[in-house]
Amino acid sequence: MPEVIEVIFEKYQRKPDQLIPILQNVQREFGYITPESVKHISRYLRISENQIFGVSSFYAQFRFTAPGRHSVKACLGTACHVRGGATLLEMLERELGISCGETTPDRRFDLERVACLGCCALSPVVQIDADIYSRMTVNKLSELLKQYE
Amino acid sequence: MNKLKKKITSAKKKWEGIENNKEPIVYIGAASCGRAAGALELIAETEKFIKENNISAKVIQVGCIGPCYLEPLVDIKMPGQPRVSYSNVNVRTLNNILKSQLLEGVPFIKAAIGNFGNSDFNGIPPFYELPMLKPQVRIVLRNCGLIDPEDIDQYLAMEGYQGLMNALQMSPEDVIGVVRQAGIRGRGGAGFPTFKKWTVCRNTPGEQKYLICNADEGDPGAFMNRSLIESDTHAVLEGMMIAGYAIGASKGIVYIRAEYPLAIERLRTAIKQMKEYGLFGKNILGSTFNFDITIKEGAGAFVCGEETALIASIEGKRGMPRSRPPFPAISGLFGCPTIINNVETLGTLPNILRNGAEWYNKFGKEGNRGTKTFSLVGKIRRTGLIEVQLGTTLREIIFDIGGGVQKPFKAIQTGGPSGGCLSEEFLDLAVDYESLASAGSIMGSGGLIIMDEDTCVVDVAKYFLDFTQKESCGKCIPCRVGTRHMVEILERITHGEGVPEDLLTLRTLGDTIKKGSLCGLGQTAPNPVLTTLRYFRNEYLEHIKDGLCRAVVCKDLIEYRVIKEKCTGCQSCVKACPTGAISGPRSEPHNLDKTKCIKCRSCYEVCRFEAIAGDAIVIRTAGKRS
Ligand SMILES: Cc1cc2nc3c(=O)[nH]c(=O)nc-3n(C[C@H](O)[C@H](O)[C@H](O)COP(=O)(O)O)c2cc1C
Ligand code: FES
């Protein structure tokens, strides 16, 4: 881990404005912001760990727990909302047995809500990993989940 | 500049080769929306078809042309024929289309919707004559869906970077003069005259100045900026260079939300190409103008679309707004003079600099010059991305372009969470900055959400407030605490537990938040509630007094029922129900146990979807609770 972090640091200058890009890179690498990485970043950028937590907790993108194998994101943007996005989210919460922001105990799925994936014309949409599924229904989504192990 | 001119000559030749193609070309709309509809699968399938049948043909990925409801879109251009567009293509129709076009050389009329010639072709109408396209004026979107955004040569063939070349031959002051005369106002929401803030920045002394492209596109339910970047990437970057030259900035930054990975990737590709073409770095096109562009990914915070919060975020801090003045044009990023412009504002600039201010003045109306793009979504027949002249009426947009609403029209929300919800009486309102403001809404960045009688306006107002409340950065109290109170009241009302006094409280809270908040987020957050209170008061009262949600949306005020006469007893819903609320033997009307029903909609969907079912499950208002 320290080596990986060092490789990441090589790409960024030792300036406080590099904090967010570094955090993004760390999350890409490890899937989340590990406590250990915060220590390293603190040393590298010479800012306190508190400051790093302050910034990273402000932004919805950063997570502090290990992610599951697949990430499910239900869109609750306006277009998706008026076309039933909330019903889809409720169904996901029920079927996966977790709330937004949680991971299933078997680590198969992560569940999140997002505000618009930019595919509003095809709403409601759900994103699983990198794929966006459009014009979703409760039953289609239930079938879809079975394809992910 | 001569080097670029040579590139342009060869780019135009290359484009002519595409226009007068010797081998068939298959164009597939593969922006994010097209991909969500299955475009990538179609590309793979087309490539397979070409290989299996041993034909020589080209596949080109293009951006989004606008009518997203027709997606996925596939166009085919046979040698000597106009390009023909096919809509809602799935793998099966694709194979029929390819067979007919590539093997037999004739269009597959059944699935064709338009051709890109000027007249009918085999009975297929010109694409731009389609009802959704005809009333539009495409300036910013002129290349979208037509060219491959990842090929700079195609952009050059469309007179790309001509605007920049013109600008570089003028003084920066003259460029500002052209923009002033063109009368363009910021497309990011507030409509502030672009030349004004540029002038301030130009006149502020400073070694280093910054030009930031605001691609945060926070309005949930709007995708104009995403689409433009994905479909005509270079236009936005050219606009940034023109703006940078005018204000005297040597550094450009694109601040883009992380939810748009394809747009980010295309920006990276485009910047690489600019470097190869001498459009990046020092002495651009042999002039004294230096400019480079970096990309900063947002990290998921709506408030970071606000300029001072955006700056804080780039500086590596929590994205909290600060009070203005000083305006960023005087003291912005790292304390340097900074201009922040929206993607669409920037994307328009090349057109203005290429064709002149006078030409731009032909569009729109006095005080509201030019065109504006909108994403047309919600309960409307033809959803998608459109561009119209400012001053077009809502009616023209909804009914002529959007094809109207399937069920009776109820409302239109403009301006996203900062905007308002307008009722039918405003349909003839002209879409310009002032008219929308006078109705209590705003232009915003261009999200238009259409609602029909199945949309509950109280629920929508709650939705928006819930959104802004969650996105409030917490710095100022009116916004942080006030919006929370409003959400709580709205929740009570939608649960059927509201009291008549709530309406007055909502108004007072709303007015106070608007007056007392620090930034645009709080200052506009109450708008959706205030406008619905004004134009749809009755619906609030029905929720409060009668426990009635006439749109059948608010979960606590509705119930699911089986219409016995219609039920075919097919048992599909029994299988679908997750809680075992529905029971009944095969071929006999089923029973729905309300105490077990969690209103998840599964049964409702299968009852409509399965051929053997009889549309027997209905969702009804539950009426006043005892
Ligand atoms: C809460 C909030 C969110 C905003 N979000 C955006 C946005 O997503 N995109 C944008 O261009 N402008 C946004 N703005 C407006 C910007 O602050 C700024 O006015 C705009 O980018 C200026 O560009 P323009 O002059 O080209 O319109 C937002 C403002 C507020 C108060
Ligand atoms: S609202 Fe869901 S994709 Fe935009």
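What you see is a predicted model, and the numbers here were worked out from it, not measured in a lab. (Residues numbered from 1 in each chain as written. Chains lettered and ligands numbered in written order. Predicted model: local features only at pLDDT ≥ 70, side-chain atom pairs only at ≥ 80, totals over all residues. Heavy atoms only, no water.)

The helix and strand tally for chain B stands at 24 helices and 20 strands. For 626 residues, the compact-globule estimate of 2.2 N^0.38 gives 25 Å, and chain B sits close to it at 27 Å. Projected onto its principal axes, the C-alpha positions of chain B cover 80 × 65 × 40 Å. By residue count, 62% of the 626 residues in chain B fall in the buried class. (Helix = DSSP H or I, 4+ residues; strand = E, 2+ residues; numbered from the N terminus. Rg over C-alpha atoms; globule rule 2.2 N^0.38 Å. Buried < 20%, exposed > 50% of the residue type's maximum accessible area, 1.4 Å probe, protein only.)

A word on the site of ligand 1. Residues and elements named next belong to chain B. Around ligand 1, a shell composed of 18 residues is seen, among which Gly188, Lys197, Asn341, Asn342 and Thr345 lie nearest. Here an oxygen atom of ligand 1 sits 3.2 Å away from a polar atom, N or O, in the main chain of Arg187. Glu217 is positioned with one of its backbone polar atoms (N or O) 3.1 Å from an oxygen atom of ligand 1. With the chains in place, 88% of the 610 Å² that ligand 1 exposes on its own is no longer accessible. Counting residues per element, the ones that place at least two in the shell around ligand 1 are β9 (338-342) and α20 (520-524). In terms of residues, the shell around ligand 1 owes the most to one element, β9, which gives 3 residues. (Near = heavy atom within 4 Å. Polar contact = N/O pair within 3.5 Å; in protein donor to acceptor, adjacent residues only side chain to side chain. Areas by Shrake-Rupley, 256 points an atom, 1.4 Å probe, with all protein chains shown as cover.)

Once that is clear, we can look at the sheet that holds strand β5 (residues 112-115) of chain B. Residue and element names in this part refer to chain B. Strands sit in the order β2-β1-β3-β4-β5 across an open sheet of 5 strands; the sheet is mixed. Strands with a single pairing partner mark the edges of an open sheet, and in this sheet they are β2 (58-62) and β5. Averaged over all neighbouring strand pairs, the angle between strand axes comes to 25 degrees, with direction disregarded. Bridging between strand β1 (residues 25-29) and β2 involves 5 bridges; their strand directions are parallel. Bridge assignment links Gly29 to a residue of β2, and that residue is Val62. (Pairing = 2+ DSSP bridges. Axes fitted to C-alpha atoms, helices over the stretch in contact; angles between N-to-C directions.)

Residues and elements named next belong to chain B. Examined at the domain level, chain B breaks down into domain 1 (16-129), domain 2 (161-360), domain 3 (365-452), domain 4 (457-546) and domain 5 (555-616). Put simply, the middle of domain 2 and the middle of domain 4, counted by C-alpha atoms, are 34 Å apart. With 11 residues of domain 2 in contact, the opposing surface of domain 4 contributes 8 residues. Carbon and sulfur atoms make up 77% of the area that domain 2 and domain 4 hide from each other, which totals about 860 Å². Contact with domain 4 buries surface across domain 2, with Pro220, Phe302 and Pro321 losing the most and accounting together for 53% of the total. Where domain 2 packs against domain 4, one counts 0 salt bridges. (Domains from an automatic or database assignment. Contact = heavy atoms within 4.5 Å. Buried area = accessible area lost by both parts, 1.4 Å probe. Salt bridge = Lys/Arg side-chain N within 4 Å of Asp/Glu carboxyl O.)

All names here are of chain B. Across the interface, helix α7 (residues 172-182) lies against helix α8 (residues 194-203) with an axial gap of 8 Å and an inter-helix angle of 160 degrees. Relative to α8, the element α7 lies roughly antiparallel. For the element pair α7 and α8, the recorded crossing hand is left-handed. In this structure, α7 contributes Pro172, Glu173, Ile176, Val179 and Arg180 to the contact, and α8 contributes Thr194, Phe195, Trp198, Thr199 and Arg202. When the residues that make up the contact of α7 with α8 are grouped by side-chain class, the tally is 5 nonpolar, 2 polar and 3 charged. (Parallel < 35°, antiparallel > 145°, perpendicular 65-115°, else oblique. Left-handed = near helix turned anticlockwise from the far one by under 90°. Nonpolar A, V, L, I, M, F, W, Y, C, P; charged D, E, K, R; others polar.)

Further remarks concern a positive patch on the surface. All names here are of chain B. Together, Lys566, Arg601, Arg608 and Arg620 give the surface a local cluster of positive charge. Positionally, Arg608 belongs in helix α24 (residues 602-609). Its relative accessible area of 33% is what places Arg608 among the partly exposed residues. (Patch = residues over 30% accessible without salt bridge, like charges linked within 9 Å, V, L, I, M, F, W, Y side chains within 5 Å. Lys, Arg positive; Asp, Glu negative; His and termini not counted. Charge placed at Lys NZ, Arg CZ, Asp CG, Glu CD.)

Residues and elements named next belong to chain B. You can see Leu509 is positioned in helix α19 (residues 501-516). As for Leu509 and Pro408, which are separated by 101 residues in sequence, their C-alpha atoms are 32 Å apart. Ignoring sequence-local partners within four residues, the contact set of Leu509 consists of Gly482, His485, Met486 and Ile489.

So, on to the interface of chain B and chain A. Contacts between the two partners involve 59 residues from chain B, matched on the other side by 41 residues from chain A. Summed over both sides, the interface between chain B and chain A buries roughly 3,600 Å², with carbon and sulfur atoms accounting for 56% of that surface. When the buried area of chain B at its contact with chain A is split by residue, Ala299, Arg318 and Tyr463 of chain B rank highest and sum to 16% of it. Where chain B meets chain A, there are 26 residue pairs in polar contact (both at pLDDT 80 or more). Those elements giving two or more residues to the side of chain B that touches chain A turn out to be α2 (32-36), β8 (292-297), α12 (307-314), β12 (371-378), α17 (457-471) and α24 of chain B. Ranked by the residues each element gives to the side of chain B that touches chain A, the list is headed by α17 of chain B, at 7 residues. Taken together, the residues of the side of chain B that touches chain A break down into 30 nonpolar, 13 polar and 16 charged.

This brings us to the packing of aromatic side chains. All names here are of chain B. A full pass over the atoms with the stated rule returns 17 aromatic pairs over all chains. Ring centres of Phe116 and Phe127 lie 4.8 Å apart, and the angle between their planes is 20 degrees; on these two criteria the pair is classed as stacked. Residue Phe116 is located in the loop between β5 and α5 (152-157), and its partner Phe127 is located in the loop between β5 and α5; the two are separated by 11 residues in the primary sequence. On the basis of relative accessibility, which here comes to 0%, the residue Phe127 falls in the buried class. Between Trp359 and Tyr360, the aromatic rings sit 6.3 Å apart at their centres with planes inclined by 45 degrees, giving tilted as the arrangement. Pair check on accessibility: Trp359 and Tyr360 agree, each one buried. Taking NZ or CZ as reference, Lys7 lies 4.5 Å from the ring centre of Tyr277, over its face. In this arrangement the basic side chain of Arg608 is found over the ring face of Tyr604, its NZ or CZ atom lying 4.1 Å from the centre. (Phe/Tyr/Trp six-rings, centres within 6.5 Å; stacked < 30°, edge-to-face > 60°. Lys NZ or Arg CZ within 6 Å of the ring centre and 35° of its normal.)

Further remarks concern the domain arrangement of chain A. By domain assignment, chain A separates into domain 1 (2-58) and domain 2 (70-145). One C-alpha centre belongs to domain 1 of chain A, the other to domain 2 of chain A, and the line joining them spans 30 Å.

To continue, consider the side chain of His590 of chain B. All names here are of chain B. Mapped onto the elements, His590 comes out in the loop between β18 (582-583) and β19 (591-592). In this structure the side chain of His590 is engaged in a polar contact, spanning 3.1 Å, whose partner is the backbone nitrogen of Gln571. Within the structure, His590 has its side chain in polar contact with the backbone oxygen of Glu588 (distance 3.1 Å). Leave out the neighbours within four places in its chain, and His590 touches Val562, Lys564, Cys567, Gly569, Cys570, Gln571, Cys573, Val574, Ile582, Ser583, Gly584 and Pro585.

Right, let's talk about the environment of Asn95 of chain B for a bit. Residue and element names in this part refer to chain B. Of note, Asn95 is situated in helix α4 (residues 91-103). Through-space distance from the C-alpha of Asn95 to that of Pro578 is 39 Å; in sequence the pair is 483 residues apart. At 3.5 Å, the side chain of Asn95 forms a polar contact with the side chain of Glu45.

As a further point, take the sheet that holds strand β7 (residues 251-256) of chain B. Residues and elements named next belong to chain B. Pairing within the open sheet is parallel, and its 4 strands lie in the order β8-β7-β6-β9. Edge positions in the open sheet fall to β8 and β9, since each of these has one partner strand only. Looking at each pair of strands side by side, their axes are set apart by 20 degrees on average, direction ignored. Note: strand β6 (residues 210-215) against β9, 5 bridges, orientation parallel.

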